[in-house]
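A structural walkthrough
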Amino acid sequence: MSVVRGSHVRSSRLWVVAVTTALTLAACSDSPDEEPSPTPSSPSATASPSATTTPTTESPTTEPTAALPGLAELVVAPGRVGPAEVGMSRDEALETGLFEADAQVPGEDCGRVAPLAWKPEYASSLDVLAREDGTIVSLGVRGQQPRTADGLGVGSTLRQVSGVHETAELTEAGYGQTGVFVTEGDRWLGYLFDVDPDEVGPKDKVVLVEVTQGTRPDLMRDGC
């Protein structure tokens, strides 16, 4: 009897141990220390597009051409108009940027080509007489501009000219016209009035201005 009871008791204890072990394992599997690792999330920031490189435009290596001075910027004085001087060679005149070489003479039907001429921007108001080699011998002003530093020019009255040039010489200039002449060393400045010297009056106006060097302006402009 004791053997049978003892065997039964042993079996019951083993079952209890088995149940206890199972509960312990179950409890271990529910432990918070064994939480599943989080699933990696995709980056929230959107990658910015790569910067676009703007091609660099190279600056031109040649300097821009300087603008021509206006007619009103040129000052008339004995022997000169602006930077252009009587006695200049053709090359010196071309360096001023105001002239061109071997140009058709405007306003003439004979097809004459001048060794030197003012650029078209000035041709309506200015003229130039030059030797065959292009040396300047005379510069003429036929338009309202340019003028002298005192504001004298085409359209000025004899009274205005005489008021500035009190000692100027008044004399006959050919073709029944009158000339008033101013000198500065060997340089000349002449004003032409289309009136006979015996009849010219204070209200008569200048019709042409001419500058020369060495010889007095003849104040004449002939065609072909």
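Structure shown above.
Everything in this summary refers to the structure shown in the same document. What you see is a predicted model; the values in this text were computed from it and never measured. (Residues numbered from 1 in each chain as written. Predicted model: local features only at pLDDT ≥ 70, side-chain atom pairs only at ≥ 80, totals over all residues. Heavy atoms only, no water.)

1. Re the sheet that holds strand β2 (residues 80-81)
Pairing is mixed across the open sheet formed by 4 strands, whose spatial order is β3-β2-β1-β8. In this open sheet, the two edge strands, each paired with only one partner strand, are β3 (84-85) and β8 (147-148). Pairing analysis gives 2 bridges linking strand β1 (residues 75-77) to β8, with the strands arranged parallel. Bridged to Val76 within β8 is Thr148. (Pairing = 2+ DSSP bridges. Helix = DSSP H or I, 4+ residues; strand = E, 2+ residues; numbered from the N terminus.)

2. Looking at the layout of surface pockets
Taken as a whole, the second largest pocket holds about 160 Å³ of empty space. The wall of the second largest pocket is formed by 14 residues, among which Val86, Val137, Ser138, Gln213 and Thr215 lie closest to the centre. For the lining of the second largest pocket, the secondary-structure elements that each account for two or more residues are β7 (136-141) and β12 (206-213). Taken together, the residues of the lining of the second largest pocket sort by class into 4 nonpolar, 6 polar and 4 charged. (1 Å grid on protein atoms, 1.4 Å probe; cavity = no way out; pocket = protein on both sides within 12 Å on 5 of 7 lines; lining within 4 Å. Points joined across faces, edges and corners; volume = space filled by probe spheres on them. Nonpolar A, V, L, I, M, F, W, Y, C, P; charged D, E, K, R; others polar.)

3. A closer look at the nonpolar core
In this structure, Val81, Phe99, Trp118, Ile136, Leu139 and Tyr191 are the most contacted members of the largest nonpolar core, which totals 32 residues. Of all the secondary structure elements, the ones that give two or more residues to this core are β5 (113-118), β6 (126-130), β7, α4 (158-164), β10 (178-184), β11 (187-193) and β12. When residues no more than four places from it in sequence are discounted, the contact partners of Tyr191 are Thr148, Leu152, Val161, His165, Thr178, Gly179, Val180, Val182, Val206, Leu208, Val209 and Leu219. Phe181, Trp188, Leu192 and Leu219 belong to the second-largest nonpolar core, a separate cluster that totals 6 residues. (Core = buried A, V, L, I, M, F, W, Y, C linked by side-chain atoms within 4.5 Å. Buried < 20%, exposed > 50% of the residue type's maximum accessible area, 1.4 Å probe, protein only. Contact = heavy atoms within 4.5 Å.)

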